[in-house]
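Structural characterization, general
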Amino acid sequence: MTGKAELKLDGKTLTLPTVVGSENEVGIDVTNLRKETGAITLDPGYGNTGSCESAITFIDGEKGILRYRGYDIAELAEKSNFIETAYLLIYGELPDHVQLEEFSSLLTENQMLHEGMRFHFESFPPTAHPMAILSAMINAASSYHPNIIHKREERFPYHAARLMSQVRTIAAFSHRKAQGLPVIYPKSSLKYTANFLHMMFSHPGEDYELKPELIRALDLIFLLHADHEQNCSTSTVRMVASSRANLFASASAGVCALWGPLHGGANQAVLEMLEQIHDEGDDGSKFLAAVKDKTTDRRLMGFGHRVYKNFDPRALIIKEQCDKVLSQLHKSDPLLDIAKKLEQIALKDDYFVSRKLYPNVDFYSGIIMRAIGIPLDMFTVMFAIGRMPGWIANYKEVMEDPNSRISRPRQIYTGSTLRNYTPMEARG
Ligand SMILES: CC(C)(COP(=O)(O)OP(=O)(O)OC[C@H]1O[C@@H](n2cnc3c(N)ncnc32)[C@H](O)[C@@H]1OP(=O)(O)O)[C@@H](O)C(=O)NCCC(=O)NCCS
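This is a predicted model, so every value here is computed, not measured.

Rules behind the numbers
- Residues numbered from 1 in each chain as written.
- Predicted model: local features only at pLDDT ≥ 70, side-chain atom pairs only at ≥ 80, totals over all residues.
- Heavy atoms only, no water.
- Phe/Tyr/Trp six-rings, centres within 6.5 Å; stacked < 30°, edge-to-face > 60°.
- Helix = DSSP H or I, 4+ residues; strand = E, 2+ residues; numbered from the N terminus.
- Buried < 20%, exposed > 50% of the residue type's maximum accessible area, 1.4 Å probe, protein only.
- Salt bridge = Lys/Arg side-chain N within 4 Å of Asp/Glu carboxyl O.
- Near = heavy atom within 4 Å.
- Areas by Shrake-Rupley, 256 points an atom, 1.4 Å probe, with all protein chains shown as cover.
- Nonpolar A, V, L, I, M, F, W, Y, C, P; charged D, E, K, R; others polar.

Moving on, we get to the packing of aromatic side chains. Per the counting criterion, the structure on display carries 14 aromatic pairs. A ring pair is formed by Tyr87 and Tyr91, whose centres lie 4.9 Å apart and whose planes are at 45°; its orientation type is tilted. With Tyr87 and Tyr91 both in helix 3 (residues 82-91), this residue pair falls 4 residues apart, about one helical turn. An angle of 70° between the planes, with centres 4.9 Å apart, marks the rings of Tyr351 and Phe352 as edge-to-face. With relative accessibility at 15%, the residue Tyr351 sits in the buried group. A relative accessible area of 1% means that Phe352 is categorised as buried.

Set out below in structure tokens:
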């Protein structure tokens, strides 16, 4: 499409150019709208607003397509791994041997936290949510490496590797702290995901048995979460980056945005929901009736998506992986049975069908994490570790865009018009 859009406002016609993406998505460029007409666009929740042009991830929600840098998610899930995919997202191409080796070495070199950071962990109360610790500690990490703030462009590969590597160390340390356990330092001989499991579950003097099937399952969860276009947390990262804040500050803000139950926090909310259904002895039908009752604000967590209106391709891969992990571990989980039952009922129910609500990535991922032994309040942290390459890639794109401006949306003001100050004595 090369057409132009016409907007009629108060008898005046404004011609607006269109922008066409490489997958033929069409955007109407309203850059000059306010200048020419005085009006702005209003799009609460941004369902119709493109905030940027990006070459990182493509989603077609109607067809259930997700591609990182042009590669289909299912192919990457089958043939790649988290670290190779992270390189692809950040640098745009799959790495060759040398590039992957260099990237892995940088991750290993940067895996240790500055020893001074250990003391910050001590000051969090035992009730601290690991997402709060994660966000605070990512920001704190930049204080120990002033280059992150002052020489950020020229040292980008180091900062990116430091962030990716240390987020995993911070996450594991926060878990150990919450459990009142001694921290376990990373081991250079281990690869990224195995190293994380080692830091989470080993004990001093006794290494955790690293089961290849669990390493693979968690690595896959990281890979499937690695990027997802302009979602709430990625948009937050880009917005913070647009003010030229450093990479760590931007990622720390992303963690906060991700924490909410409508976003990354949904994986924890799904498990809590399944546990509740299980404890109540419900097979799911009572719960679904409550969800459909519009006088309650209950939602079927792990269902629905702003963009996917057909299916979430990540959910299909995760569901398959879920069955595989449980059978490899010779385990069964009643929560998986409830989840399957809920899905089965919902996919035939007009409430969900008419609203195009399908299982999303969070619906089954929690069951895998539970099988691995990851505690419930760490689920969203797993999402954050996985999403780090996507945030880094988006940060890089903002920084490298010569036309990037500070993000500054407008508003339609609906408050009082001008009024005079009333002195306290006259206020009644
Ligand atoms: C993901 C989500 C936030 C998308 O929200 P959205 O695009 O703003 O969609 P809306 O909230 O406008 O929902 C549209 C309709 O579907 C309903 N709906 C959406 N998700 C629902 C869910 N999970 N359970 C029940 N109803 C749901 C809404 O109540 C609304 O119904 P209405 O038209 O009768 O008012 C939403 O689907 C949700 O809350 N899902 C559960 C949380 C979750 O799993 N998040 C992880 C996303 S990866």
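Now for the pattern of salt bridges. In total, this model carries 13 salt bridges according to the counting rule given. Across the salt bridge formed by Arg67 and Glu23, the nearest N and O atoms sit 2.7 Å from each other. Placement of Arg67 in strand 6 (residues 65-68) and of Glu23 in the loop between strand 3 (18-20) and strand 4 (26-28) is noted, with a sequence separation of 44 residues between them. The partly exposed category is assigned to Glu23, whose relative accessible area is 39%. Between Lys340 and Asp323 there is a salt bridge whose closest N-O contact spans 2.8 Å. Of this pair, Lys340 sits in helix 16 (residues 334-346) while Asp323 sits in helix 15 (residues 313-328), and the two are 17 residues apart along the sequence. Residue classification places Lys340 among the partly exposed positions, given a relative accessible area of 31%.

Here the focus is the site of the ligand. Near the ligand, the surroundings consist of 18 residues, among which Lys294, Arg299, Leu300, Arg306 and Tyr351 are the closest. Starting from 860 Å² of accessible surface for the ligand in isolation, the protein chains cover 72%. Of the residues in the shell around the ligand, the class split is 8 nonpolar, 5 polar and 5 charged.

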